[in-house]
Structure formats: C-alpha cells, structure tokens
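Each chain is listed here by its residues.
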Amino acid sequence: MTFGEKLQKLRAQAGLSQDQLAELLDVSRQAVSKWERNEAMPEAEKVVRISRRFGVSTDYLLLEEMGSPTQRPNRRSVGAWFQSRGWLLGVLMALYGLWRLLDLVSGSWEDLMRQLDQRTFWEGLETYLFHYKRGTRIAADLGWIAAGMTAAVGGARITGHIRWYHVGAELAAGGTASALTVLLCCVPMLCIGLPASHALEIFGGDALYGLALALAGLAIFLLGRLQERKRPPIKTQ
C-alpha cells in the first residue's frame, strides 16, 4: 500500500473527513487530498503527527512493505473510534440518568397523585419526595443527566483529541453533579427546620456515593494524563 492509501484507510477508520483531518493537522484540505492521491508527501513533522494521531509507526506510513502492515491499524481501530466518537459516552450517561428518573417517577406516579389529593400541593410533594428518599434519587438522576449532556457537548468540541482517560473526567463530572444536586436538595430542607442528623441520614449516603465516584474518576483522569506525558515521542527513521 502507498502512503496515500494508508492515510485514506486510517482516516476512514477514524470516521474523519478530509476537512476534519486537515484541521487536526493544521494544514489545508487540499494538502490532505494531495497526500491521499500520492501527488505530494507531507513534511517529516507532519508524518510524526499523523503517526501519533492514528497510533501507528512512521515506518508503517512510509515503507511499502512491512510484514503484516494492516494488522496494527486494525488493533487500533477501537482507539481511533474512541478519539472521534468518544463523546457518545456522554449521551449514554445522560440516557442512563433519564432512564432511572423515568423508571422512578412512573413506578411511584400513583403515590404522588394520592399525596397531592390528600394534602395541599406543597405538603403532598414534600411527603412524596421524602418517602423512601425519592428526592435524593431524583436529584442524583438529574445530576447524571446534566453531567452526561455536558460531557457529550464538551467531547464533541474536542473530537479527534479524546483519549481513554477522559472516561475518568466524565465519571468525575457525573459523580460531582450527582453529589451537588443531592446537597442542593438538602439545603432547603435544613432551612425549613429539618434536623441536621435527619438530613445526614437522608442525604449523606447519596452525597458520599457521588463524591466517591468523582474522586475515582479524577484519579483515572490524572493517572492517564501522567502516563501519556511519560510516553516517549515517536521519531522519524
């Protein structure tokens, strides 16, 4: 395979258009098009950037014959997909939170209507939310939805730069959002006279769970960044 054929194949596996690849490499689309048609060759610095972007060696890109040259890109196809489509994990997180929320509300809808019929609106809503700690569950689910949508939007903005350790950042965002929404649900209850010991019993477990997830996600993210910085740069042959 020629350099152009290899570049075109790698770009297609990563789900990138010529315009997107050109933007990632800081070149024009016409330059990428010429490379893929074998009408021109990129500079050495661009070859190194291409090899890092797709996780292949410079030898694979530049040499015509390399034993089994197509195996390594295939093994890296999952990583290439993650770089360009990893933001979809944020959508999955938001859908997970939405599913939990709808499952809770649909299963307890009759109880909510009964509480509202027997009491004033606010008294009935308060009874419904505190029964079986529904309020903390709803708050946590809303936190996961918000974090998932934020992660999806942020991931879409850095398409092509997403790494495996960004899953840790997403987990940290979800845990933090979950813990914060639970605490925000707790504050009004304290303001209207709920004893602190009762509030800790109702809200403490969910808040600590969200905080633990946030710390675990932060650790994954920081360890991933540290590992990437320690990785030696790829040199041209």
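Computed from a predicted model, the values in this text were never measured in an experiment.

Cut-offs and rules
- Every chain begins its residue count from 1, and numbering advances along the sequence as written.
- Only residues with pLDDT of at least 70 are given local features in this predicted model, and only at 80 or more are side-chain atom pairs given and counted; all residues enter the totals for whole chains, interfaces and linings.
- Only hydrogens and water are removed before side-chain values are computed, so all heavy atoms of the structure are retained for them.
- Strands here mean DSSP runs of E at least two residues long; helices mean DSSP runs of H or I at least four residues long; both are numbered from the N terminus.
- The buried label goes to any residue with under 20% of its type's maximum accessible area, the exposed label to any with over 50%, and the partly exposed label to all in between, with areas taken from a 1.4 Å probe on protein chains only.
- For this analysis, residues touch if any pair of their heavy atoms sits within 4.5 Å.
- Note on areas: these come from Shrake-Rupley sampling with a 1.4 Å probe, and a residue is covered only by the protein chains present in the view.
- Within this document, salt bridges are pairs made up of a side-chain nitrogen of Lys or Arg and a carboxyl oxygen of Asp or Glu, the two lying within 4 Å of each other.

K.L.:
Just checking my understanding: could you explain the overall build of the protein chain for this structure?
P.N.:
Each helix and strand in the protein chain was counted, giving 13 helices and zero strands. Order of helices (α) and strands (β) in the protein chain, N terminus to C terminus: α-α-α-α-α-α-α-α-α-α-α-α-α. Every one of the 237 residues in the protein chain was classed for burial, and the buried ones make up 38%. Taking the intrachain contacts of the protein chain between residues at least 6 apart in sequence as the baseline, contacts between residues at least 24 apart amount to 70%. For the protein chain, the accessible surface area stands at approximately 13900 Å², while carbon and sulfur atoms represent 62% of it.

K.L.:
Explain the pattern of salt bridges to me, please; I cannot follow it from the model alone.
P.N.:
The tally for this structure, following the rule as stated, stands at five salt bridges. A salt bridge links arginine 49 to glutamate 45; the shortest N-O distance between them is 3.5 Å. Taken together, the residues arginine 49 and glutamate 45, both in helix α4 (residues 44-54) and four residues apart, mark about one turn of the helix. Classification of arginine 49 as partly exposed rests on a relative accessible area of 29%. Salt bridges sharing common partners tie together Glu45, Lys46 and Arg49.

K.L.:
Hey, could you run me through unusual backbone geometry in this one?
P.N.:
For residues other than glycine, phi is negative in most cases, and the peptide bonds are mostly trans. With a phi close to 60°, aspartate 26 is a non-glycine residue in the positive phi region. Relative to the elements of secondary structure, aspartate 26 occurs in the loop between α2 (18-25) and α3 (29-36). A positive phi is found at asparagine 38, a non-glycine position, where the angle reads about 60°. Structurally, asparagine 38 is set in the loop between α3 and α4. Given a relative accessible area of 39%, asparagine 38 falls into the partly exposed group.

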